[in-house]
Structure formats: structure tokens, C-alpha cells
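Here is what each chain is made of, one letter per residue.
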Amino acid sequence: MTSVLLAGWARLRSVLPARADLAAFNRHPRRDLLAGLTVAVVALPLALGFGISSGLGAEAGLATAVVAGALAAVFGGSALQVSGPTGAMTVVLVPIMHAHGATGVLTVGVLAGLLLLGLALARVGRFMMLVPAPVVEGFTLGIACVIGLQQVPAALGVPTPEGDKALAVAWQAVLDFAARPNWAAIALAAAVAAVILAGGRWRPAVPFSLVAVAAATLAAELAGLPVARIDALPAGLPAPSLEFLDVSALSSLIAPAVAVAALAALESLLSAAVADGMSVNHQHDPDKELFGQGLANLVAPLFGGVPATGAIARTAVNVRAGASSRLAALAHAVILGVIVFTAAGVVARIPLAALAGVLLATAVRMVEVGSVTAMMRSTRADAVVLALTAIATLALDLVAAVILGLIVAGALALRAIARNVRLDTVPLQADLPGDHDAEEHALLAEHIVAYRLDGPLFFAAAHRFLLELSEVADVSVVILRLSRITTIDASGALVLGDAIARLQRRGITVYVSGIRDGHHRPLHALGVIARLDEAGQVFASTPEAIAAARRHLHQAGILPSSAGPAQAAC
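Please read all numbers here as calculations on a predicted model, not as lab measurements.

Draft legend 1. Representation of the overall build of the chain within the structure. Along the backbone of the chain there are 25 helices and eight strands. Taking 25 Å as the expected radius of gyration for a compact globule of 570 residues, we find that the chain reaches 32 Å, considerably beyond that expectation. Overall, the chain is about 110 × 65 × 50 Å in size when its C-alpha atoms are taken along their principal axes. Considering only intrachain contacts with a sequence separation of at least 6, the fraction spanning at least 24 residues in the chain is 83%. For the chain, the exposed area adds up to about 25700 Å²; of that, 63% sits on carbon and sulfur atoms. Distance from the positive charge centre (36 side chains) to the negative charge centre (36 side chains) of the chain: 7 Å.

Listed below in C-alpha cells is the structure:
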């Protein structure tokens, strides 16, 4: 019992912040605080917009950015990661909100936090990075499309129609706009998006999102434009509460919680990897990152926040602004908290159309056109996986799209590997024991054929191997050289046994050589070579198998006695 407790404590300590992480706060505090301010300016409109898009309101987005952002900054595995509400998470939350309401979303956040903590303690963080690049690009493209479609109602100035399918909701919003046009809203959204996109190319370091939103808010106030605005925001965060937890609905919320946890893990680790690539000599700890995200998602709902993840866009801004420690991400959360307590009235006057413009620009900037184009041109398999994942994100949901993408990518990878399995006829001369003249070589070649199997012999390649080996011409002996088989599973072993049985039914004697040490177990367990082994037809080397084949041909009277007895094996 004591050893179990000690092991558990050691596992927990491995994901908790180290003293060096906290000591880094004093390395470049002024630079980190300035980076935190820069990120907060960028994050404010995004937090408001994603909170509204999730259905819980702008205050939920701000609470997430403050609480989850602070906890993930301190306990996460990346010193440069910035966490908060994201577009990808919003895509997953909208159907949950539609089906279970606000209490369902908050409960899912708590459950997802517990799942992430479990994943961190189980040390599965490293395995989350095995998702193929075409799947990542595909769901990023799909998410960008969904985020853009979600902003259509606010950008057109119409109430958001009922439904959880972004394409259907956007189409209904277009019909509502056609019946009662609101040109002021669409002008604000288009102007904000244009300023952000153009300004980002001109001066990437300037927070044009905040500039554009401030200008749009001022213009709407001065001109008295008929556009919807953010609902009144509370001056501060609500007191933590567990009243939203609905124990009776837990069974129906497990599946959504798994989806949210999977997305939070994947997006956070992807964002942390991006931060590593943008920095020098910085490497994130994936298990610590999952622990930090788990703690953030466990606590944020207590303050009315939605589930959070690491945010790639805000993390990139943080790195570019010169952040060197966790202090920058923590400062970003504190600054947003100050805004919540001191400027809630001003924030509440922001037009929804302006925030829609921010998110439309965010959706456009999420898509790396060059990367997507290059991957589409890479291989046909990569193009199929990318396109299928993106379409599935639009038609189904993000988690189903990722699972589908992984299945298809895995199937195509197995297909490619299976194509590398070769069954080659090899000449006998190189392995023939003793000295022989050309006449004897020709005579042996008429009766003995040797095949070398190269590559993995597993379920995806086994059927093709069986077909090829079944087409062996009429000979007396077949020697199967197995030394170059890289792996063999139960399906491959059974097919090999079937092929041997088919050859034997045709009266062909089969010898096997070069079985690797790791392959004896499946072959013996399934009884594939038991009879051959008992009959002395399994050999360590090919020369030994050829010598045995010659002896067999002499005894059967197929080879004339003038060929001479077999010499010792080489």
C-alpha cells in the first residue's frame, strides 16, 4: 500500500510546476508583462466573440479567459502557451448547448477537466501528437469554415436561428436577412474584418482587432446605428458555485465530455508544439500541459466559464511579443480580469456585428493556404484524408471528423505498407552448397524454387501474398525464405499456413528457412509450422534448406544419382 501511495505521489509531482518554472518569472519580468498586455488586447474581442458564439454569452468567454488562462499558465506544460476560449471548442459546444442548455455545457467542462487530469496522470500526452498532419490540416480547415458560418447571423444583423448545424443556421440567416435587410450590421462586420486582415499584413505587431472593434463601437454610438450589442456584463466574476451540476444528466453528458476532452488535449498540444517551433530552446511537457488544461477546465465552469484549450493565435502573439516565461500568459489573464471589473459597461456597448467581423477574420487567418495546397499536392492519400476530414467537420462534428480522418489515414497507411510486401523468386546459386556444374544447376532449377518474403506480413498484405504464392508453377520443392519479414501477425501467420497447405496438397514439398526470433511465437502458437518442424523441414539458413531439398529429390528418384550426394551446408 505504501509503495502504491509513493508511486502515486511521484506521478502527481511529475506534472506539478517545478521550482525552476516559477523562478523563471524573475528572468525578464518587464518583457513578459509587456507581452501579456499585448496578448490581452488581442484576446479581449476573441473572448467576447467566442463566449457569445458558444451560447453562454460574452461574460462566459471573459470568465474562461481569466480563470482558465491563469490556471493553465501556472500549471501547464508550456511556458509560452496562452489558453482560453477558442473557435474549435465553440464548434463542439454549440450542439451541446442546443441539446443540454447552459448547465450541460458547464457540467461537460467539469467532466472534461477530470478526464484531462486522468490522461495527464496516465502519461498519454506523448501519444496525442501522433495525429497525422492531413487530419490536423483538415479539421483546421473545417473549423475555420464552421466558425465563419456561425458568424453569419450576427454579421447580417438577424437573430440566430434555431439549430446546431452551422450550414443550415447560416442559410436560414441569409433568408431572414433577405426578408429584412440590416445593411448597418453587414457594413460593420465587413469593415472590421477588412481592417484586421489588411492591417495584419501591413503591421503584424499592431492589435488591429481591438482597434477595429473600438472604431466600430464608436461609429455605431455616434451614428446611432440599429445594431444589436452585447448584453449587460456583470462588473466582475461570479462567485464559484456547483449549483449548475446536474447529477441526473451525467450519463448523457459522458460522450460530449469525452469529445471536449479530446479536442482540448489535441488543440492544446498542437498549440504548444507551435510555440516550441517559434521559440529557441523551448520544449513543452505534454503531460504537464494536459494537467494544466485539466485543472483549467475543472475550475473555469465554477465561475461560469466554458471549456478552454491552448489558443494557437494568442500563443503566437505571445511568442512574437517576446514572452520568455509563464508570467506573460498569467499577466494576460490578470489584465483581462481588471477589464472585467473596471470596464464592463464599456465592453457591453460593443456591436455583435463587430465581434462577428473579428471572428470572420480569425477564421480566414486560421487557414494556411500554402500548407493546405502543398498537402493536397503531396500524395493522393494525404489529399483524400484532408478533404474528408474537412467535409466531415462541416457535415458531422469535429470529434467524429477527427476519428473518421484517423481511420481513413490509418487504412491508407496500411494499404501503402501492404504494397511494400514482396514475394521474389531468388536464384539458388548463391546459397547452393558445394561445387556444381551448369548442368546440375539447370537440373536443380527445374525442380526447386526459392521465394524470399520482404516486408511486413500482416492482415492488410496477407491476401495478396496468398494469391501470389498460389500461382507457383509445378515444381517439386518450394523453399520459403523468411529472414526479411519485418513483422508478422496472426492473420499473416494463418495465411502463410494456408499457402503451405495448398502447396502440399499439390504434392509440393515445402521447406522454411531464416525464421527470426520474434516470429517463432505466432507461427508456433497457430500451428503454422508445427508439422514442418516435426518433419525436419524448418532450417536456420537457406543453404541448409537447399541441401535438404537435394537429398529429398535424390531419395524420391527425381534427381539422377550422378548428381552426387549433397555436400555439407555452408
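Draft legend 2. View of a nonpolar patch on the surface. Nonpolar side chains collect at one region of the surface, where Leu 115, Ile 254 and Val 258 lie side by side and expose about 240 Å² of accessible area between them. Along the chain, Ile 254 turns up in helix α11 (residues 250-278). With relative accessibility at 44%, the residue Ile 254 sits in the partly exposed group.

Draft legend 3. Structural context of the packing of aromatic side chains. Counted under the stated rule, the structure contains three aromatic pairs. Consider the rings of Trp 202 and Phe 208, whose centres lie 6.3 Å apart with planes at 45°: the pair is tilted. Considering the side-chain rings of Tyr 511 and Phe 539, the 5.9 Å spacing of their centres and the 40° angle between planes classify their relative orientation as tilted. Of the two residues, Tyr 511 is situated in strand β7 (residues 509-513) and Phe 539 in strand β8 (residues 538-539); the sequence distance between them amounts to 28 residues.

Draft legend 4. Spotlight on the nonpolar core. Ranked by size, the top nonpolar core spans 98 residues in total, and within it Leu 48, Ile 230, Leu 233, Val 260, Leu 336 and Ile 350 carry the most contacts. Examining the composition of this core, we find that 15 residues originate from one element, helix α5 (residues 87-121), more than from any other. Ignoring any residue separated from it by four or fewer positions in sequence, one finds Val 260 in contact with Met 89, Val 92, Leu 93, Ile 96, Val 108, Ala 112 and Pro 307. Tyr 451, Val 475, Leu 482 and Ile 485 belong to the second largest nonpolar core, which has 26 residues in total.

Draft legend 5. Structural detail: the pattern of salt bridges. Here the structure, examined in full by the defined rule, presents four salt bridges. With its nearest N and O atoms 3.1 Å apart, the salt bridge here joins Arg 229 to Glu 221. On the accessibility criterion, Arg 229 (18% relative accessible area) is buried. One salt-bridge network, in which partners are shared between bridges, spans Glu 221, Arg 229 and Arg 349.

Draft legend 6. Region of interest: helix α3 (residues 29-54). With 26 residues, α3 should cover 38 Å at 1.5 Å per step; its first-to-last C-alpha distance of 35 Å lies within 8% of that length. After α3 finishes, the residue Gly 55 shows a positive phi value of roughly 100°.

Draft legend 7. Up close: unusual backbone geometry. One non-glycine residue, Arg 123, lies in the positive phi region at around 60°. Tracing the backbone through its elements, the reader meets Arg 123 in the loop between α5 and α6 (133-150). When its relative accessible area of 34% is taken as the criterion, Arg 123 is described as partly exposed.

Draft legend 8. The packing of helix α4 (residues 58-75) against helix α12 (residues 286-299), seen in detail. Their axes nearest at 8 Å, the elements α4 and α12 cross at an angle of 155°. In terms of axis orientation, α4 runs roughly antiparallel to α12. Of the two possible hands of crossing, α4 and α12 adopt the one that is right-handed. Of the residues in α12, those in contact with Val 67, Ala 68, Leu 71, Ala 72 and Phe 75 of α4 are Lys 288, Phe 291, Gly 292, Gln 293, Leu 295, Ala 296 and Val 299. Within the contact of α4 with α12, the residues separate by chemical class into nine nonpolar, two polar and one charged.

Draft legend 9. Region of interest: the pairing of strand β4 (residues 448-457). Of all 10 residues that make up β4, 10 are buried, and the element is covered over most of its length. Two elements, strand β3 (residues 422-426) and β4, share five bridges in a ladder whose sense is antiparallel. Residue pairing in the sheet places Val 426 in a bridge with Ala 450 of β4. Two strands pair when backbone bridges link them, and β4 and strand β5 (residues 477-481) are joined in this way by five bridges, in the parallel orientation. Looking at the pairing, Arg 452 lines up with Arg 481 of β5. In the sheet, β4 pairs with strand β6 (residues 485-488) via two bridges, with the strands oriented parallel. Its bridge partner being in β6, Gly 455 is matched across the sheet by Ile 485.

Draft legend 10. Just the confidence of the model for the chain, in detail. Of all residues in the chain, 92% have pLDDT values of 70 or greater, and the mean over the chain is 84. Throughout residues 563-570 the model reports pLDDT below 50, and contacts reaching past four residues in sequence, or to other chains, amount to 20 contacts.

Draft legend 11. Here's a closer look at the packing of α4 against helix α14 (residues 326-342). Direction vectors running N to C along α4 and α14 enclose 155°, while the axes themselves pass 8 Å from each other. Taken as axis vectors, α4 and α14 run roughly antiparallel relative to one another. Where α4 crosses over α14, the two elements pack in a sense that is left-handed. Contacts from Leu 62, Ala 65, Val 66, Gly 69, Ala 70, Ala 73, Val 74 and Phe 75 in α4 reach Arg 326, Ala 329, Leu 330, His 332, Ala 333, Leu 336, Gly 337 and Val 340 in α14. Each residue belonging to the contact of α4 with α14 can be placed in one class, and the counts come to 12 nonpolar, three polar and one charged.

Draft legend 12. Quick look at the pairing of β5. Most of β5 is tucked away: five of the five residues are buried. In β5, alternate side chains face the same way, and those of Val 477, Ile 479 and Arg 481 on one face and Val 478 and Leu 480 on the other are all buried. As paired strands, β5 and β7 are joined by five bridges and run parallel to one another. Directly across from Arg 481, in β7, lies its bridge partner Ser 513.

Draft legend 13. Spatial organisation of helix α10 (residues 208-223). For α10, with 16 residues, the first-to-last C-alpha span of 22 Å sits near the 22 Å given by 1.5 Å per residue. Three or more residues of α10 are buried, namely Phe 208, Ser 209, Ala 212, Val 213, Ala 216, Thr 217 and Ala 220. For α10, the angular spread of buried residues about the axis comes to 165°, placing them on one side. Across α10 from its buried face, at more than 90 degrees, point the exposed residues Leu 218 and Leu 222.

Draft legend 14. Structural view of the environment of Ala 178. Of note, Ala 178 is situated in helix α8 (residues 166-179). Assessed through its relative accessible area of 58%, Ala 178 is described here as exposed. Separated by 22 residues in sequence, Ala 178 and Leu 156 place their C-alpha atoms 9.6 Å apart.

What counts, and at which threshold
- Residues numbered from 1 in each chain as written.
- Predicted model: local features only at pLDDT ≥ 70, side-chain atom pairs only at ≥ 80, totals over all residues.
- Heavy atoms only, no water.
- Helix = DSSP H or I, 4+ residues; strand = E, 2+ residues; numbered from the N terminus.
- Rg over C-alpha atoms; globule rule 2.2 N^0.38 Å.
- Contact = heavy atoms within 4.5 Å.
- Areas by Shrake-Rupley, 256 points an atom, 1.4 Å probe, with all protein chains shown as cover.
- Lys, Arg positive; Asp, Glu negative; His and termini not counted.
- Charge placed at Lys NZ, Arg CZ, Asp CG, Glu CD.
- Patch = residues over 30% accessible without salt bridge, like charges linked within 9 Å, V, L, I, M, F, W, Y side chains within 5 Å.
- Salt bridge = Lys/Arg side-chain N within 4 Å of Asp/Glu carboxyl O.
- Buried < 20%, exposed > 50% of the residue type's maximum accessible area, 1.4 Å probe, protein only.
- Phe/Tyr/Trp six-rings, centres within 6.5 Å; stacked < 30°, edge-to-face > 60°.
- Core = buried A, V, L, I, M, F, W, Y, C linked by side-chain atoms within 4.5 Å.
- Expected span 1.5 Å × (residues − 1).
- Axes fitted to C-alpha atoms, helices over the stretch in contact; angles between N-to-C directions.
- Parallel < 35°, antiparallel > 145°, perpendicular 65-115°, else oblique.
- Left-handed = near helix turned anticlockwise from the far one by under 90°.
- Nonpolar A, V, L, I, M, F, W, Y, C, P; charged D, E, K, R; others polar.
- Pairing = 2+ DSSP bridges.
- pLDDT = per-residue confidence, 0-100.
- Arc of directions from axis to C-beta.

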